[in-house]
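Summary of the model geometry
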Amino acid sequence: MIYADNAATTKLSVAALDAMMPYLMENFGNPSSLHTMGQKAAEALQEARETIAVCIGCSPKEVYFTSGGSESDNQAIISAAETGRKKGKKHIISTAFEHHAVLHTLKKLERQGFEIELLPVGSTGTVTAEQVEKAIRPDTCLVTIMYANNEIGSVLPVAEIGAVCRAAKVFFHTDAVQAAGHLHINVKEQNIDMLSLSAHKFHGPKGAGVLYAKTGIIPVSLIEGGAQERGRRAGTENVPAIAGMAAALKEAVANIDINAAKVSVLRDRLIAGLSEIPHCALNGDPVNRLPGNVNFCFEGIEGESLLLLLDAKGICASSGSACASGSLDPSHVLLAIGRPHEVAHGSLRLSLCETNTEEEINIILAEVPAIVKYLRNMSPVWKDLESGKRKFVL
Amino acid sequence: MALYTETVMDHFRNPRNAGEMKDADGIGEVGNAKCGDIMKIYLRIENNIIKDVKFETFGCGSAIASSSMATEMIKGKTIEEALAVTNRQVVEALGGLPAHKLHCSVLAEEAVKAAIKNYYDRNGISYNRSEFPDCENCGSCRMV
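Note that the structure is predicted; figures quoted are calculated from it, not measured. (Residues numbered from 1 in each chain as written. Chains lettered and ligands numbered in written order. Predicted model: local features only at pLDDT ≥ 70, side-chain atom pairs only at ≥ 80, totals over all residues.)

1. A closer look at the overall build of chain A
Assigned secondary structure in chain A consists of 15 helices and 12 strands. Relative to the 2.2 N^0.38 estimate, which gives 21 Å for 394 residues, the radius of gyration of chain A is 22 Å and therefore close to what a compact globule would have. The C-alpha extent of chain A, read off along each of the three principal axes, is 75 × 50 × 35 Å. Among the 394 residues that make up chain A, the fraction classed as buried is 54%. Taking the intrachain contacts of chain A between residues at least 6 apart in sequence as the baseline, contacts between residues at least 24 apart amount to 72%. (Helix = DSSP H or I, 4+ residues; strand = E, 2+ residues; numbered from the N terminus. Rg over C-alpha atoms; globule rule 2.2 N^0.38 Å. Buried ≥ 20, exposed ≤ 12 C-beta atoms within 10 Å, placed from the backbone. Contact = placed C-beta atoms within 7 Å.)

2. Overview of the domain arrangement of chain A
All names here are of chain A. Looking at the assigned domains, one finds that chain A contains domain 1 (14-254) and domain 2 (256-387). Look at where the C-alpha atoms of domain 1 and domain 2 centre, and you get two points 29 Å apart. Of the residues lining the interface, 19 residues belong to domain 1; the matching set on domain 2 comes to 19 residues. A per-class count over the side of domain 1 that touches domain 2 returns eight nonpolar, 10 polar and one charged. (Domains from an automatic or database assignment. Nonpolar A, V, L, I, M, F, W, Y, C, P; charged D, E, K, R; others polar.)

3. Quick look at the sheet that holds strand S12 (residues 347-351) of chain A
Residues and elements named next belong to chain A. In spatial order, the strands read S9-S10-S12; together these three strands make up an open sheet with antiparallel pairing. In this open sheet, the two edge strands, each paired with only one partner strand, are strand S9 (280-282) and S12. On average, adjacent strands in this sheet sit at an angle of 20° to one another, irrespective of strand direction. The pairing of strand S10 (residues 293-298) with S12 spans five bridges and is antiparallel. Paired with Cys297 across the two strands is Ser347, which belongs to S12. (Pairing = 2+ DSSP bridges. Axes fitted to C-alpha atoms, helices over the stretch in contact; angles between N-to-C directions.)

4. Observations regarding the interface of chain A and chain B
Contacts between the two partners involve 21 residues from chain A and, on the opposite side, 20 residues from chain B. Where the side of chain A that touches chain B is concerned, the elements lending two or more residues are helix H10 (303-312), helix H11 (322-325), helix H13 (341-344) and helix H15 (380-387) of chain A. Looking at the side of chain A that touches chain B residue by residue, the class counts come to nine nonpolar, seven polar and five charged.

5. Digging into unusual backbone geometry
All names here are of chain A. The phi angle at Lys169 is positive, at roughly 60°, despite the residue not being glycine. Mapped onto the secondary structure, Lys169 falls in the loop between helix H6 (158-168) and strand S6 (171-175). According to the C-beta neighbour criterion, Lys169 is exposed, with 8 such atoms within 10 Å. Even without being a glycine, His279 presents a positive backbone phi close to 55°. Here His279 lies in the loop between helix H9 (256-274) and S9. Looking at His279, the number of C-beta atoms within 10 Å reads 19, which means it is partly exposed.

6. Observations concerning H9 of chain A
Residues and elements named next belong to chain A. In this model H9 runs 26 Å from its N-terminal to its C-terminal C-alpha over 19 residues, within 8% of the 27 Å that 1.5 Å per residue would give. Of all the residues in H9, the buried ones are Asn259, Val263, Leu266, Arg267, Leu270 and Leu274. All buried residues of H9 fall inside an arc of 100° around its axis, so they share one side. Facing away from the buried side of H9, by more than 90 degrees, are the exposed residues Asp257, Ile258, Ala261 and Ala272. Contact partners of the buried residues in H9: S9, S10, S12 and helix H14 (358-377). (Expected span 1.5 Å × (residues − 1). Arc of directions from axis to C-beta.)

7. Description of H14 of chain A
All names here are of chain A. With 20 residues, H14 extends 29 Å between its outermost C-alpha atoms, agreeing within 8% with the 28 Å of an ideal straight helix rising 1.5 Å per residue. Taken together, the buried positions of H14 are Ile361, Ile364, Val368, Ile371, Val372, Leu375 and Arg376. When H14 is viewed along its axis, its buried side chains cluster within an angular range of 125° and face the same direction. Exposed side of H14, more than 90 degrees from the buried face: Glu359, Ala366 and Ala370 are the residues found there.

Okay, structure coming up:
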């Protein structure tokens, strides 16, 4: 089996599993308990907090453990909005292609009277610091812009955006779920006030994440019922997952350049090979791109069919088609970069990691063109494109 | 994949009657590329019997499987029998479809009816318009 869906989730690393095991078995105590076993768990939390702080360049007390990226995004945005509301500032800037954890939270705030401004992301899928600077108003309380896009892999200039926000004294949050462990993060140098990350995107376990919030920003608790996380997130901490997350991030950060170099070579081979398929296009920024992200649209076919046939060949991938996601519309990300609906339905995302091999790339490069050709042969849309009845977009 | 039954997967992976038909007696095309599915059905009709049928589909796994199953269900049947095939019967024959994929079976039923309507139109055979999909004024697909 070839796993090429690492942007969806990754395999747990051995280092993460080793770090988790003691807290699943012999040291299963509750960190809030006063006995020795509980205190060992509390120590594990503290160590994990320190490890993660080093990895992202902050202080341990600025690290809040959550259940994952979605919760961190929710909490960051709601916290900044609450601060803004108290000062009468109700304007929030974001982008059209954020993760739904951000967009849906913003929608909720819009219903509560906030004004949400989603910046356009252009055809390559990015925003500039200048765009953000122009959009900032005296009543702007938050800029929330992702570090890297989960679907099309564009890497955004967060340090520059952060600098603009810092100068304007506006909170800057970044959803770094796809970036953490894959791209360098230093919240101080990059002027980031709040950041979300998720363990299972860098070979950690599912169900653990981090909200980094700069000293002075007090996260609003979304879950009431206990004094965990200094009163900012009630609920017994997921100690094994948190220990695993810290071990996974430490390992990923230690190997970040080696892995990026290796994975981007595989990525570029895949992009070059798939580009030879007629009437296709790469989605996302061709230069500023996540090391493992490959995303194409193939005209005249539908993505779910492509995924199912790839799955039958043992290749795991994703698509932004409506059918693949169970909704009526294709991916909002592909629509945001200007792909028409009918083209967006024919998208394929292959996301690689450092354990993928040259041999696997060869297999993918043999299978994808054959499947695209097969599906086009039975597609009335393709026939119309070929006969000129319908105009090619790509 | 647990999303689909084995029958759906079989018809998706080994579609019956896929392809184009030259000199068809009736052709029906329904759906919209913007929505992500288009079905086209070709019929060869002799003495009121559907002698041969082919389909071409742009769409997801269940769209292709629904087309394949629908063509199997009408092949060799009379026009009246083919018109009586409902999307429910297509779904049942497939062993079920996920709720959000049921519209694929509706498209299959409508594609068959559109092809027969086209045959009627070509041969000057009168019919009750209300019993056929009105693709020019379709409100079921909001992208149109």
